[in-house]
Protein chains: 2
Amino acid sequence: MEKVRIAVIGLGARGSQILKDILLKMADVQITAVCDSYEDRVDDAAKAIVEAGQDEPFKTTDYREVIACGKVDAISIYTAWDMHAEIAIASMRAGIPVASEVGSEYSLNNCWQLVRTHEETGTPYMFMENCCFGKDELLATAMMRHGLFGEVVHCSGVYGHDLRKEVAEGIQQRHYRFRNYRARNCENYPTHELGPMAMLLNINRGNRMVSLTSVASKAAGLKAYIEETKDKVEYSDEVLNATFKQGDIVQTLVTCENGETMLLTLDTTLPRYYTRGFTVRGTKGFYQQETNSVFIDGVHPEECELDTYRNYEKFLNNATEYEKDYLPSIWKDISPEVKEMGHGGMDYFTHRAFIEAVKNGTPMPLDVYDAAAWMAVSVLSEQSIREGGSVQQIPDFTNGKWMFRPAKDVVEL
Amino acid sequence: MEKVRIAVIGLGARGSQILKDILLKMADVQITAVCDSYEDRVDDAAKAIVEAGQDEPFKTTDYREVIACGKVDAISIYTAWDMHAEIAIASMRAGIPVASEVGSEYSLNNCWQLVRTHEETGTPYMFMENCCFGKDELLATAMMRHGLFGEVVHCSGVYGHDLRKEVAEGIQQRHYRFRNYRARNCENYPTHELGPMAMLLNINRGNRMVSLTSVASKAAGLKAYIEETKDKVEYSDEVLNATFKQGDIVQTLVTCENGETMLLTLDTTLPRYYTRGFTVRGTKGFYQQETNSVFIDGVHPEECELDTYRNYEKFLNNATEYEKDYLPSIWKDISPEVKEMGHGGMDYFTHRAFIEAVKNGTPMPLDVYDAAAWMAVSVLSEQSIREGGSVQQIPDFTNGKWMFRPAKDVVEL
């Protein structure tokens, strides 16, 4: 396979960015089909493809036609969350390897369908969680693999991203966020923080998530934002009168089979700077992304002052010192071009991994069991919140295979 | 009342420090009785009192004798957690105003007994949560009261204090931590973070905590620490063979009547620097103690880079800029002497508030309802963890009076 013929389905902000910034720049990729339910997006994408020197792609507003067109080796999905599983399942049934952008699921059954379809068809499926390829996350994971943190007992992470404008202007932008934030209250986007934690803790590979409890604060951020901006932005009555169910801060505590806990925080409708707050806690030390800090028992001072609360200052950005020994080579050797390709390079690494696995017929680094377990957290979080934080059992989508599936990182660490 | 005659009950590390560093330095305080179950501690305290130029105090190993001795205007308790309520209740029944050091409760009934005894006797009771007088906590609370954060929807805090040495050497040190960490698994010390959050959110004063869920990681930190240090420290077999039930990281999510949520983290048996991680999140901005940061919508950049995870650097320590306008006067005008009196001065402020209220017959700034509600979190956390994180309803110890009790800060903000 000299060139992998890719279909891009879903051409909103994310899909068109990946198309233009990454896929069209890969010498061994040809975009042979584009699809979106909005025709103008399809035309724009086709134009960009032709401008990049490739042949006019197959164009459609119906993903079934992409699957049937006979011109694609693999499909990559960037649609609204509610279409991810349906398209991926159809693609696997047609024997076409498929990559799914991250998102939220709405039922456990959808998660199961993904797993069952993959098991029945054997068609490769990759879950495109770019943060699993993140620089900080891989540095911390490498340090953990080399024993620097001792036995890890806890991880935490945040999706801290002020999306108020994107949600409030969702209808104009033809984006699915508006309807999701209005209608649901859950950890609606768990995988940016959960993915890297799950890989580090060998979830589905020697460990598994067994239960969770999820609690949501009241929803005040979006209403206040729309009130604040209504003189500057032309909102429709639907937006002005909207009541949002999505709590501003949603926190989910996950317990793992081997006794570790994970804290996930969804934080997208209050003013803040972007953060992922990836944190790893072990018996010998910790990594803390929020301050880029490492603390190792015996190496760093045992006793810190109780009278000041500025102890972090001594450790600020000292994680950088560990890059020399522990940062994986993809990040050590990153080119300036790749750095510009989205989220500092991790979008490229994720797509490169998918293309390589398709070309070489090797296993996907993030698979259907990861997708099912991680996205199930949205569904169970919604149920838990509705019941005031009740405990929800997380299904074992591997059907016991987690006990013998070997641990494996997305790159060598 | 020229001099307030105080009895100090409990003369371990904390009690003797408060006695020597604070109470003996107050011109309007006389220590007229000292009590501890260990006689040598009583003798040491009496010696320090005489050396400070005061009369030899009444000495006993039985707190009942303190209450009966007729020489005290108020009692201050620093014993093991399990004796706090019993002594406070006996003191209130005798009509002696009482201050209780913070800690953990073991039954809801004890919390209720505190409340009922106070209501029946009318004897003043103060809960000595020093962090409610903390500099950072009061700065953030003042900013919140002045509307800088908009509507607050979420707070979080941490008791992040590496106590491995203290727990492991607890038997030698005649300290109650060892037995508590061995026998229980719960949020065993909630009030350092919960107190300031509860004050800010007007808990028991227009708002109340309604439910919680609590999850604990496995307990690996103490075992690893003892293994690591056993060649340097002479541990008894009881310590070497101990199995600790207390999870290393315990996280508790509290939901409030008015829709806010609070996250409490107990983090005392893994290597780390001291932190309280006090965080306030509102519709217009946030305060974050971990990086001493303030972020205000419209003032600070709306869009931060997604490609780097170092956005915190722009806001590091900028909270200091707000001190001029919002730091309460006790902290602005703090003397060098007070700063040295423990935890940067807040121990002094807490004790000063108690003495003033006793002298003037004014209401205690942190009262029996605060104590009951906050310490109930330990009990309910223990139940929740035992049930995998089940939802626990938090009693309304005010019996509906939270609806009309006016909001009140510990100092003017």
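Residues numbered from 1 in each chain as written. Chains lettered and ligands numbered in written order. Predicted model: local features only at pLDDT ≥ 70, side-chain atom pairs only at ≥ 80, totals over all residues. Heavy atoms only, no water.

### What about the overall build of chain A?
Summing up its helical and strand segments, chain A has 16 helices and 14 strands in all. In terms of overall size, chain A behaves like a compact globule, its C-alpha atoms giving a radius of gyration of 21 Å where 413 residues would be expected to give roughly 22 Å. Structurally, chain A occupies a C-alpha span of about 65 × 55 × 45 Å along its principal axes. Residue burial in chain A is summarised as follows: out of 413 residues, 66% are buried. Sequence-distant contacts in chain A: of pairs separated by 6 or more residues, those separated by 24 or more amount to 75%. For chain A, the accessible area works out to roughly 14,900 Å², and carbon and sulfur atoms hold 47% of it. The positive charge centre, built from 43 side chains, and the negative charge centre, built from 61, are 2 Å apart in chain A. (Helix = DSSP H or I, 4+ residues; strand = E, 2+ residues; numbered from the N terminus. Rg over C-alpha atoms; globule rule 2.2 N^0.38 Å. Buried < 20%, exposed > 50% of the residue type's maximum accessible area, 1.4 Å probe, protein only. Contact = heavy atoms within 4.5 Å. Areas by Shrake-Rupley, 256 points an atom, 1.4 Å probe, with all protein chains shown as cover. Lys, Arg positive; Asp, Glu negative; His and termini not counted. Charge placed at Lys NZ, Arg CZ, Asp CG, Glu CD.)

### Details of the interface of chain B and chain A
Across the boundary between the two partners, chain B contributes 70 residues, which contact 69 residues of chain A. When residues of chain B are sorted by the area they lose upon contact with chain A, Lys218(B), Tyr273(B) and Tyr309(B) head the list and together hold 13% of the total. Counting the contacts that link chain B with chain A gives ten salt bridges. The closest approach of N and O atoms between Lys218(A) and Glu260(B), which form a salt bridge, is 3.9 Å. Viewed at the interface, chain A and chain B are joined by 29 residue pairs in polar contact (both at pLDDT 80 or more). Secondary structure elements with two or more residues in the side of chain B that touches chain A: strand 7 (152-160), helix 7 (164-168), strand 8 (209-216), helix 10 (221-229), strand 9 (249-256), strand 10 (261-267), strand 11 (279-282) and strand 12 (285-288) of chain B. (Buried area = accessible area lost by both parts, 1.4 Å probe. Salt bridge = Lys/Arg side-chain N within 4 Å of Asp/Glu carboxyl O. Polar contact = N/O pair within 3.5 Å; in protein donor to acceptor, adjacent residues only side chain to side chain.)

### Points about unusual backbone geometry
Residues and elements named next belong to chain A. At Asn292, a residue that is not glycine, the phi angle is positive and equals roughly 55 degrees. Looking at where Asn292 falls in the secondary structure, it is placed in the loop between strand 12 (285-288) and strand 13 (293-296). Overall, Asn292 belongs to the buried group, its relative accessible area being 2%.

### Points about the relation of the copies chain B and chain A
For the pair chain B and chain A, the best superposition has an RMSD of 0.0 Å and corresponds to a rotation of 180 degrees with a translation of 0.0 Å parallel to the axis. Expressed as an axis order, the relation between the two copies is that of a two-fold axis. The C-alpha atom lying nearest the rotation axis in chain B is that of Ser390(B); the distance is 2.8 Å. Of all interface residues in chain B, 97% are interface residues in chain A too; the two copies therefore contact each other through one and the same surface. (Least-squares fit on C-alpha atoms with pLDDT ≥ 70 in both.)

### What to know about the side chain of Glu137(B)
As for its placement among the helices and strands, Glu137(B) is situated in helix 6 (residues 135-145). Contact partners of Glu137(B), with chain neighbours within four places excluded, come to Cys131(B), Pro196(B), Arg276(B), Phe278(B) and Gln289(B).

### Considering the sheet that holds strand 5 (residues 98-100) of chain B
Residues and elements named next belong to chain B. Pairing is parallel in the open sheet, where six strands are placed in the order 3-2-1-4-5-6. At either end of the open sheet lies a strand with only one pairing partner, and these are strand 3 (58-60) and strand 6 (125-127). Mean inter-strand twist for the sheet, computed between neighbouring axes without regard to direction, equals 20 degrees. Pairing geometry for strand 1 (residues 4-9) and strand 4 (residues 74-77), over four bridges, is parallel. (Pairing = 2+ DSSP bridges. Axes fitted to C-alpha atoms, helices over the stretch in contact; angles between N-to-C directions.)

### Remarks on the sheet that holds strand 10 of chain B
All names here are of chain B. Strand order across the open sheet formed by eight strands is 13-12-11-7-10-9-8-14, with mixed pairing between neighbours. Only two strands of the sheet have a single partner each, and these edge strands are strand 13 (293-296) and strand 14 (392-393). By the bridge criterion, four bridges tie strand 7 to strand 11 in an arrangement that is antiparallel. Paired with Cys155 across the two strands is Val280, which belongs to strand 11.

### Observations concerning empty space enclosed by the protein
The final tally for this structure, using the stated rule, is eleven cavities of 30 Å³ or more. The space that makes up the largest cavity amounts to roughly 750 Å³. Along the lines of polarity and charge, the residues of the lining of the largest cavity split into seven nonpolar, 18 polar and eight charged. (1 Å grid on protein atoms, 1.4 Å probe; cavity = no way out; pocket = protein on both sides within 12 Å on 5 of 7 lines; lining within 4 Å. Points joined across faces, edges and corners; volume = space filled by probe spheres on them. Nonpolar A, V, L, I, M, F, W, Y, C, P; charged D, E, K, R; others polar.)

### Looking at the pattern of salt bridges
All names here are of chain A. One pass over the structure, following the stated rule, counts 70 salt bridges over all chains. In this structure, Lys59 and Glu56 form a salt bridge, with 3.5 Å as the shortest nitrogen-oxygen distance. Taking the relative accessible area as the measure of exposure, Glu56 reaches 45% and is therefore partly exposed. Within the structure, one salt-bridge network assembled from shared partners comprises Asp28, Arg352, Glu356 and Lys359.

### Topic: helix 9 (residues 191-200) of chain A
All names here are of chain A. Most of helix 9 is tucked away: ten of the ten residues are buried. When we look at burial in helix 9, the residues that qualify are Thr191, His192, Glu193, Leu194, Gly195, Pro196, Met197, Ala198, Met199 and Leu200. Just downstream of helix 9 lies Asn202, where phi reads positive at about 60 degrees.

### Description of the confidence of the model for chain A
Residue-level pLDDT values for chain A average 96, and 98% of them are 70 or greater. Interface scoring of the predicted complex returns ipTM 0.96; its pTM is 0.97. (pLDDT = per-residue confidence, 0-100.)

### Focus: the packing of aromatic side chains
All names here are of chain A. Enumeration according to the criterion identifies 27 aromatic pairs over all chains in this entry. Arranged with centres 4.6 Å apart and planes meeting at 55 degrees, the rings of Trp112 and Phe397 form a pair that is tilted. Within this pair, whereas Trp112 is found in helix 5 (residues 108-121), its partner Phe397 is found in the segment after strand 14 (392-393), the two being separated by 285 residues in sequence. A relative accessible area of 1% places Phe397 in the buried class. Each ring, one from Phe278 and one from Tyr287, has its centre 6.5 Å from the other, and the planes form 55 degrees; the classification is tilted. Pair check on accessibility: Phe278 and Tyr287 agree, each one buried. One aromatic cluster in this structure is built from Trp81, Tyr159, Tyr176 and Tyr189. The lysine or arginine in question, Arg174, covers the ring of Tyr38, its NZ or CZ lying 4.2 Å from the ring centre. (Phe/Tyr/Trp six-rings, centres within 6.5 Å; stacked < 30°, edge-to-face > 60°. Lys NZ or Arg CZ within 6 Å of the ring centre and 35° of its normal.)

### So, the pairing of strand 11 (residues 279-282) of chain A
All names here are of chain A. Here strand 11 shows no split at all, with Thr279 and Arg281 on one side and Val280 and Gly282 on the other all buried. Relative to strand 12, strand 11 runs antiparallel, the two sharing three bridges. Paired with Arg281 across the two strands is Phe286, which belongs to strand 12. The hairpin turn running from strand 11 into strand 12, its antiparallel successor, is two residues long.

### A word on the packing of helix 4 (residues 81-93) of chain A against helix 5 of chain A
Residue and element names in this part refer to chain A. Between helix 4 and helix 5, whose axes approach to 9 Å, the crossing angle comes to 10 degrees. Between helix 4 and helix 5, the interaxial angle falls into the category roughly parallel. Between helix 4 and helix 5, the residues in contact are Ala85, Ala88, Ile89, Met92 and Arg93 and Asn110, Gln113, Leu114, Thr117, His118 and Thr121, respectively. Its residues assigned to classes, the contact of helix 4 with helix 5 comprises five nonpolar, five polar and one charged. (Parallel < 35°, antiparallel > 145°, perpendicular 65-115°, else oblique.)

### Considering the environment of Gly103(B)
Residue and element names in this part refer to chain B. By secondary structure assignment, the location of Gly103 is in the loop between strand 5 and helix 5 (108-121). Along the backbone, Gly103 and Ala357 are 254 residues apart, and their C-alpha atoms lie at a distance of 22 Å. Among all residues touching Gly103, those that are not within four sequence positions of it are Trp81, His84, Phe127, Asn188, Tyr189, Pro190, Thr191 and Met375.

### Quick word on the side chain of Ser91(B)
All names here are of chain B. Looking at the element boundaries, Ser91 is found in helix 4 (residues 81-93). Looking at Ser91, the relative accessible area reads 0%, which means it is buried. At a separation of 2.9 Å, a polar atom in the side chain of Ser91 contacts the main-chain carbonyl oxygen of Ile96. With sequence-adjacent residues up to four places away left out, Ser91 is seen in contact with Ile67, Ile75, Ile96, Pro97, Val98 and Thr123.

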